[in-house]
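Working through the structure, step by step
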Amino acid sequence: MAQIPNLDNSPLNLNALREQSRKDLLNIVDSIRGSKCLVIDPKLAGTLSLILQTSVLKEYGAELRILSADPLQTGCSKVVYLVRSQPNYMKLVADQMKNDEAKGLQRDYFLYFVPCRTIACEKILEEEKVHQKLTIGEYPLYLVPLDEDVLSFELEYSLQECLIEGDTSSVWHVAKAIHKLEFAFGVIPNIRAKGVASTKATELLNNMQLEDPVNMDNMGMAEIDTLILLDREVDMVTPMCSQLTYEGLLDELLEIQNGTVEVDASIMGVQQDGKKVKVPLNSSDKLYKEIRDLNLPVAVQVVHQKATSIQQDYAEVKSTNTQSVSELKDFVKRLNSLPEITRHVNLAQHLQSSATKRSFFARVEIEQIIREVENYETPRCFEYIEDIIQKQEPIETVLRLLVLFSLTNAGLPKKIFDYLRREILHSYGFEHMPLLYNLEKAGLVKRQESRSNWVGISRALQLIVDIKDPEKPPDDISYIFSGYAPLSIRLVQHAVRSGWQPIEQPLKLLPGPHLDLKRGVSSISSSLEVFPGSVGQQSPDRGGLRSLVLVVFIGGVTSAEIAALRFLSAKEGMGYDFLVATTKVITGNTLLRPIMASSKEGTI
Amino acid sequence: LLLKESRELERNPVASKGSIHVPQVRLIDQAYRLFAETKEHLFESKSAEEHAKLLRVQHNLEVSTKQAIFLGSSVSDTIKTCIAMGNERAAVKVKSEFKVPDKRWYWLKACALATVGNWDALEAF
């Protein structure tokens, strides 16, 4: 199965979107004559693999290289750099060019910024005195479809930039990307935003609309009905919890990257020691589509059933001799799904071996206690956190629990806060001090100063749900975390159903302002008027069509939350399809890691 | 004050990256004094103080054991290494100097003894 996801079932014509990105890239490659060496930054290379196969680029006469600190080895006289506009890459480019110069090599250099040029980057090139030798262009890749209902901006640093460094360029990026979507699919009439970055993005989007309006005349109805923007900051609780769905666990334990997961060959039942195998994961795999959003035990059951049913069929085929050709055909068809089944049997088995350990259950239980904020249980939580620090378990695990506790309790009591911080520094080294400081600055871990309003929020939005019968098919998104409905998705649920107004109260307790506005086709200029929010039925003129809601998460979203959204749209009586766009698909670990990395570099 | 704050913070990671021992300690000492000037950074200043102390202890350990394996590791790891090398006295010294709680101490000791396979000692303790 290919890594590039099949988008035919997408609620929006994402194929066209991807096709455009592909064409843009090939145009760039094609515009430079002769053989050329295409140098791509490492992160971007992974992203591009979601758009086209590298062999296509070779057909266009391009040699591929990954940008690194080493001097460039190529026989081509033309070098095309394709890099995201990040300052550290500029330095690498300049170094490679200088190295060529020192060797007396004459080359033509082209530099394409992804998605657009920035002044900061060009300044660096000027300082390095290579600006003159470069032909500079842009490759406007803002959005990459990860799957038929998930888009990614691939901005992994966005959260940390907003919260710690005060850099909001990612917000601009998001707004620009949405604006570009509007060019293709029409102006989105309803916008609901919550959080500082989201309202800012809305504002930018409106400005862009004023400066460079989307021509509405030759377009029919807007294909996207509602846009919901949410800051990750609004709900930091959810990503800190361990995900329990099949896809979520795959991401937590093996880390899904660009729609694939890399595992040891031995896990996949191949006898090759030490080798890694890439397994693509997207909805083109029908079985995966079916089980990705289920909790692991349920997913395992489904896979098990499939396997046994094939076994039975096989036995039948063997025992009865009078088989019609069509029956045989059917059977062979079902056999086709066999590789999918074995693949997931292998993966699920691997996950189960970790997820049925006692330590895993203990952690999930502690998370649940922390979410429910039972005061008499607090000492137990501290003891657990203290334990795992002293055992020097991965620091991400410790921080996730610490952040979770701090969020639901509005901080930690000073004495315990200092004690645990000291234990962390002692166990993991003093070099983690800037990290602790940054987490404090981002408001993720702090000293207790006021009473927590988490209980109020969670009551008002019914986040904690008692699941009485776990065997029954779930009827609420709280199944995702076995009894906790992700706050972010609860907000989305309310937003599509009735707008922000009915949940004004709990909304005010969450960080950042909220905004509810309606943009008319006729009144684009006065589009900032705040709509009263009581949009009971939306677009009645659409008839039986389901309306499409684009949910944008600024700062990342977890697989579990995407699962919850898919569950909502599949539910009966929900006339909505969801399309998710995110700066990055994250887990608690991958959310914290950029913060950790930047704290180490000391680039604060 | 804000400016100072950021300067202090920058200093720390830079300091812990440097491989030369003496200037590193000096830098951290400096950071400690800067932190101590303000009231809000009590925790930071204490940590910086401890960090400098740890580096000195590690330096002494490296001199006495003639093995360059201590510098840059955490307090816990230092204790583990000491015990694994059979140098329990040094470990106890580190423990008392950094006021390591008993619970962590027992865990570290058991862990270290198990890694080197010193089962007799593990049983004895």
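Residues numbered from 1 in each chain as written. Chains lettered and ligands numbered in written order. Predicted model: local features only at pLDDT ≥ 70, side-chain atom pairs only at ≥ 80, totals over all residues. Heavy atoms only, no water.

The test is simple: UniProt positions are given in the numbering used here, feature names are shortened, and annotations may be inferred rather than shown by experiment.
According to UniProt, the comment filed for chain A under the heading Sequence similarities (unreviewed entry) is "Belongs to the STXBP/unc-18/SEC1 family."

**Quick notes on the overall build of chain B**
Note the threshold: Comment: elements are numbered from the N terminus, with helices defined as DSSP H or I runs of at least four residues and strands as E runs of at least two. The cut-offs for exposure are 20% and 50% of the maximum accessible area for each residue type, with area from a 1.4 Å probe on protein chains only; residues under the lower value are buried, those over the upper are exposed, and the others partly exposed. Pairs of residues are marked as contacts when any of their non-hydrogen atoms sit within 4.5 Å.
From N to C terminus, chain B includes seven helices and zero strands. In sequence order, chain B lays out its α and β elements as α-α-α-α-α-α-α. Per-residue burial for chain B yields a buried fraction of 42% across its 125 residues. Put simply, of all contacts in chain B between residues at least 6 apart along the chain, 37% involve residues at least 24 apart.

**Concerning the pattern of salt bridges**
Residue and element names in this part refer to chain A. The condition is simple: Think of a salt bridge as a Lys or Arg side-chain nitrogen and an Asp or Glu carboxyl oxygen that are within 4 Å of each other.
According to the stated counting rule, one finds 33 salt bridges over all chains in the structure shown. Measuring nitrogen to oxygen at the nearest pair gives 3.1 Å for the salt bridge that ties E101 to K133. Remark: K133 occurs in the loop between α5 (119-127) and β5 (134-138) and E101 occurs in helix α4 (residues 87-102); sequence separation between them is 32 residues. For the salt bridge of D418 with R421, the shortest nitrogen-to-oxygen distance reads 2.9 Å.

**Considerations on helix α8 (residues 196-211) of chain A**
Residues and elements named next belong to chain A. Applicable threshold: To estimate how far a helix should reach, multiply one less than its number of residues by 1.5 Å.
Look at α8: 23 Å from first C-alpha to last across 16 residues, which is about the 22 Å you get at 1.5 Å a residue. All buried positions along α8 are accounted for by A197, S198, T199, A201, T202, L204, L205, N206, M208 and Q209. Check the buried side of α8 and you find it contacts α7 (169-185), β8 (190-194), β9 (226-231), β13 (514-518) and β14 (547-554).

**A closer look at the sheet that holds strand β3 (residues 78-84) of chain A**
All names here are of chain A. The following threshold applies: Here a strand pair is declared whenever DSSP counts at least two bridges between the two strands. The convention used is that axes are lines fitted to C-alpha atoms, helices contributing only their stretch in contact, and that angles between N-to-C directions extend from 0 to 180 degrees.
Strand order in the open sheet made by the five strands is β2-β1-β3-β4-β5, with parallel pairing throughout. In the strand order of this sheet, the two ends are held by β2 (62-66) and β5, each with one partner. Strand-to-strand twist across the sheet, computed as the mean angle between neighbouring axes with direction ignored, equals 20°. In this structure, β3 lies alongside strand β4 (residues 108-114), joined through seven bridges in parallel fashion. Residue pairing in the sheet places L82 in a bridge with Y112 of β4. Of the strands in this sheet, β4 and β5 touch α5, which is tilted by about 155° from β4.

**Focus on the domain arrangement of chain A**
What counts is decided by this rule: Domain extents, as shown, originate in an automatic or database domain assignment.
According to the domain assignment, chain A contains domain 1 (14-140), domain 2 (146-236 + 475-592), domain 3 (246-355) and domain 4 (359-444 + 594-600). Relative to domain 4 of chain A, the C-alpha centre of domain 3 of chain A lies at a distance of 37 Å.

**Details of the packing of aromatic side chains**
Residue and element names in this part refer to chain A. We count it as follows: Geometry of aromatic contacts follows a simple scheme: Phe, Tyr and Trp rings, the Trp one being its six-membered ring, pair when their centres are within 6.5 Å, and the pair is stacked under 30 degrees between planes, edge-to-face over 60, tilted otherwise.
Throughout the structure, instances matching the rule amount to five aromatic pairs over all chains. On the numbers, 6.1 Å between centres and 65° between planes, the contact of Y246 with Y288 is edge-to-face. Separated by 42 residues along the polypeptide, Y246 in helix α10 (residues 246-254) and Y288 in helix α11 (residues 286-291) bring together distant segments of the chain. An identical accessibility class is assigned to Y246 and Y288; each is buried. Ring centres of F382 and F405 lie 4.8 Å apart, and the angle between their planes is 55°; on these two criteria the pair is classed as tilted. Here F382, found in helix α16 (residues 378-390), pairs with F405, found in helix α17 (residues 395-408); they are 23 residues apart in sequence, far enough to count as distant.

**Quick word on the sheet that holds strand β10 (residues 256-257) of chain A**
Residue and element names in this part refer to chain A. The strand order across the open sheet formed by three strands is β10-β11-β12, and the pairing between neighbours is antiparallel. Edge positions in the open sheet fall to β10 and β12 (276-280), since each of these has one partner strand only. Here two bridges tie β10 to strand β11 (residues 260-264), and the two strands are oriented antiparallel to one another. Bridging from a neighbouring strand, I256 pairs with V261 of β11.

**Overview of α10 of chain A**
Each full turn of the α-helix corresponds to 3.6 residues, which orients residues three or four apart in the same direction. All names here are of chain A. With eight of its nine residues buried, α10 lies for the most part within the structure. The set of residues buried in α10 consists of Y246, E247, G248, L249, L250, D251, E252 and L254. Positive phi shows up at E255, right after α10, with a value of about 65°.

**Quick notes on the pairing of β8 of chain A**
All names here are of chain A. Within β8, five of the five residues are buried, leaving the element largely enclosed by the surrounding structure. Here β8 shows two buried faces, one formed by N190, R192 and K194 and the other by I191 and A193. Where β8 and β9 come together, five bridges link them in parallel fashion. Bridge pairing links N190 to T226 in β9. As paired strands, β8 and β13 are joined by five bridges and run antiparallel to one another. Note that in β13 the partner of I191 across the bridge is L517.

**Focus: the nonpolar core**
Defined as follows: By nonpolar core we mean a set of buried residues, namely Ala, Val, Leu, Ile, Met, Phe, Trp, Tyr and Cys, connected to one another through side-chain atoms within 4.5 Å.
The biggest cluster of nonpolar side chains holds 123 residues, and the ones touching the most others in it are L48, L82, Y139, L487, L491 and L565 of chain A together with I79 of chain B. Ignoring any residue separated from it by four or fewer positions in sequence, one finds I79 of chain B in contact with A91, V94, K95, V100, W105 and L108 of chain B.

**Examining the confidence of the model for chain B**
Residue and element names in this part refer to chain B. As a reminder of what qualifies: Scored from 0 to 100, pLDDT records how confident the predictor is in each individual residue.
In the predicted model, chain B carries a mean pLDDT of 69, and the fraction of residues at 70 or more is 55%. Here helix α1 (residues 2-17) stands out as the least confident element of chain B, with mean pLDDT 47; helix α4 (residues 75-84) is the most confident, with 82. The low-confidence segment residues 10-21, where pLDDT is below 50, has 27 contacts with residues more than four positions distant or belonging to other chains. Confidence estimates for the predicted assembly give a pTM of 0.83 and an ipTM of 0.77.

**As for the environment of Q301 of chain A**
Residue and element names in this part refer to chain A. Here Q301 shows up in helix α12 (residues 296-319). Residue Q301 is classed as partly exposed on the basis of its relative accessible area, which comes to 48%. Taking C-alpha positions, Q301 is 9.7 Å from I291, a pair spaced 10 residues apart along the chain.

**Overview of unusual backbone geometry**
Peptide bonds are mostly trans, and most non-glycine residues show a negative phi. Residue and element names in this part refer to chain A. Look at the link from V114 to P115: it is a cis peptide, with omega at -5°. The residue E154 is not glycine, and still its phi comes out positive at about 55°. Residue position: E154 is located in the loop between β7 (150-152) and α6 (158-165).

**Things to note about the environment of V116 of chain B**
Residue and element names in this part refer to chain B. By secondary structure assignment, the location of V116 is in helix α6 (residues 102-116). Note on V116: relative accessible area 43%, which makes it partly exposed. Between the alpha carbons of V116 and G86 there is a distance of 9.6 Å; along the sequence they are 30 residues apart.

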